[in-house]
Amino acid sequence: MKVGIFKDVFEMSLDSIKSHKLRSFLTLLGIMIGVMTVIAMVSVVQGLNKTFLSELESVGPDVIMISKYEPGINMGNMSEEERQREDLTFDDVEAIKSQCSLVKAVAADLTVSLFESNPIKYQNTESSDTIIIGMNEDFPKVISVYLPSRGRFISGADMNHRTKVCVLGADLRETLFPHTDPIGKEIRIGAKRFMVIGEMEKRGAMFGQSRDNIIVIPLTTAMKHFSYDLSNIEIVAVPTKHEYLEEATEQIINVLRGRRRIPVGKPNNFALFGQETMLDLYNQLTGAAYIVMIVISSIGLLVGGIGVMNIMLVTVKERTREIGIRKAIGARSSDIQNQFLIESIILTGVGGASGLIIGFIIAFIVRVATPLPASVTPWSIALGLFVSVSVGILFGILPAQKAAKVDPIVSLRYE
């Protein structure tokens, strides 16, 4: 189609849409809802992806995670063997450190029981809902985000002597010491006194849960003075070099099999896995969300597409005489077809653009008003526009072809 003819057809299509504003709005409403759903859901899923990947990156690519159970295990579907597995212990951590020559560091942490009240106080100020975590001295070597911004971290001597020292998370530091340097000050955890030796950088919230309202104490001190559940112990190791990752993993397996007296030929009653396993598990979970998103948005787009086709078929009927006049003065069937197809594309394109804008607004509200992160990506914008225009073409072809096939003689007689 030549540029001049295309411009005329485009202008006629716009005039037709403007002359039936309410009908045009109702036609694009279904497309708008479908695209809005796609953008809003993609934004939330992409936000979750970014948050999760940033957490994985903070750990590092060479980590070896050691757990009592396989990741993603369904606690309701455990076998009898899995239910009877021994807990991992701090002695296992020490054995890995001493017997695995290719392991550079082994981090271990244990969250103090959340079922007992241990308020944290400094003078007359008290913090609530603070998570107390026991960690060993290797934690910052494995997960760098725990490097203190001021002061120092737990040391080997603190671990050996079970000293009552602590490192404050950023939120706890702001609560207890808003205008005072906390280093060297003494606070209370429950009835016990601890000296502050360091404070950590602010990490922000994840899924609405603050990662800064924490206090870190030596793992051995936590096990001596507080109640805990060994099934919650987390152990993460790193090899001396990336090239030794597989060999270091084998060393850890051999040490743990020996300590747990597993006979030759019997499977491990513990699990070792890395970043790839966690990423695969996460992708499986988000994959289900994507399927739901596709189904919901497809229903909206299908309804919207059918609405577009129905309205365009009615429009063809109403404009039969107009079509006859245009053909009588020289318009070709292809010009008529293109006019109606362009009208359909404009309607769905405007609906798609409106859906994008509303989807952005919803994503912004979700990010501000809820714990869920939301992130709009360029590919989701392109996807929304592409889908809306494709729906216009797909569901506009039949009405456009019907309009193009109208007999001009019959059309001129049509009232």
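First, a word on scope: everything that follows refers to the structure included in this document. Predicted model, so just to flag it, every value in this text is computed and none were measured.

1. Brief notes about the pairing of strand β1 (residues 64-67)
And then number 1: The pairing of β1 with strand β13 (residues 234-239) spans 3 bridges and is classified as antiparallel. Within β13, the residue paired with Met65 across the bridge is Val236.
And then number 2: As paired elements, β1 and strand β14 (residues 271-273) share 3 bridges and run antiparallel to each other. Counterpart to Met65 in the pairing with β14 is Phe273.

2. Digging into the nonpolar core
Burial of nonpolar side chains together is a common tendency in soluble globular proteins.
And then number 1: The biggest cluster of nonpolar side chains holds 47 residues, and the ones touching the most others in it are Ile96 and Ile252.
And then number 2: Here this core takes 6 residues from strand β2 (residues 103-111), the largest share from any one element.
And then number 3: Setting aside anything within four residues of it in sequence, one finds Ile252 in contact with Ile64, Ile66, Ile96, Cys100, Val103, Ala237 and Leu272.
And then number 4: Within the second largest apolar cluster, 19 residues are counted, among which are Ile31, Leu301, Ile323 and Val406.

3. Looking at a nonpolar patch on the surface
And then number 1: The grouping of Ile357, Ile361, Phe364, Ile365 and Val368 at the surface amounts to a nonpolar patch, some 500 Å² of accessible area in total.
And then number 2: If you trace the backbone, Val368 turns up in helix α12 (residues 333-369).

4. A few points about the side chain of Thr249
And then number 1: Inspection of the secondary structure assignment puts Thr249 in helix α9 (residues 245-259).
And then number 2: Reaching out from Thr249, the side chain makes a polar contact with the backbone oxygen of Leu245 at a distance of 2.8 Å.
And then number 3: Among residues more than four places away in sequence, those in contact with Thr249 are Ile64 and Leu272.

5. Focus: the pattern of salt bridges
And then number 1: On inspection of all chains with the given rule, the structure shows 14 salt bridges.
And then number 2: Linking Asp92 and Arg259 is a salt bridge whose minimum nitrogen-to-oxygen distance equals 2.5 Å. Here Asp92, found in helix α4 (residues 90-99), pairs with Arg259, found in helix α9; they are 167 residues apart in sequence, far enough to count as distant.
And then number 3: The class for Arg259 is partly exposed, based on a relative accessible area of 35%.
And then number 4: The partner of Arg150 in a salt bridge is Asp181, and the shortest N-O contact between them spans 2.9 Å. Remark: Asp181 occurs in the loop between α7 (170-176) and β8 (186-189) and Arg150 occurs in strand β6 (residues 148-151); sequence separation between them is 31 residues.

Thresholds, definitions, all that
Residues numbered from 1 in each chain as written. Predicted model: local features only at pLDDT ≥ 70, side-chain atom pairs only at ≥ 80, totals over all residues. Heavy atoms only, no water. Pairing = 2+ DSSP bridges. Helix = DSSP H or I, 4+ residues; strand = E, 2+ residues; numbered from the N terminus. Core = buried A, V, L, I, M, F, W, Y, C linked by side-chain atoms within 4.5 Å. Buried < 20%, exposed > 50% of the residue type's maximum accessible area, 1.4 Å probe, protein only. Contact = heavy atoms within 4.5 Å. Patch = residues over 30% accessible without salt bridge, like charges linked within 9 Å, V, L, I, M, F, W, Y side chains within 5 Å. Areas by Shrake-Rupley, 256 points an atom, 1.4 Å probe, with all protein chains shown as cover. Salt bridge = Lys/Arg side-chain N within 4 Å of Asp/Glu carboxyl O. Polar contact = N/O pair within 3.5 Å; in protein donor to acceptor, adjacent residues only side chain to side chain.

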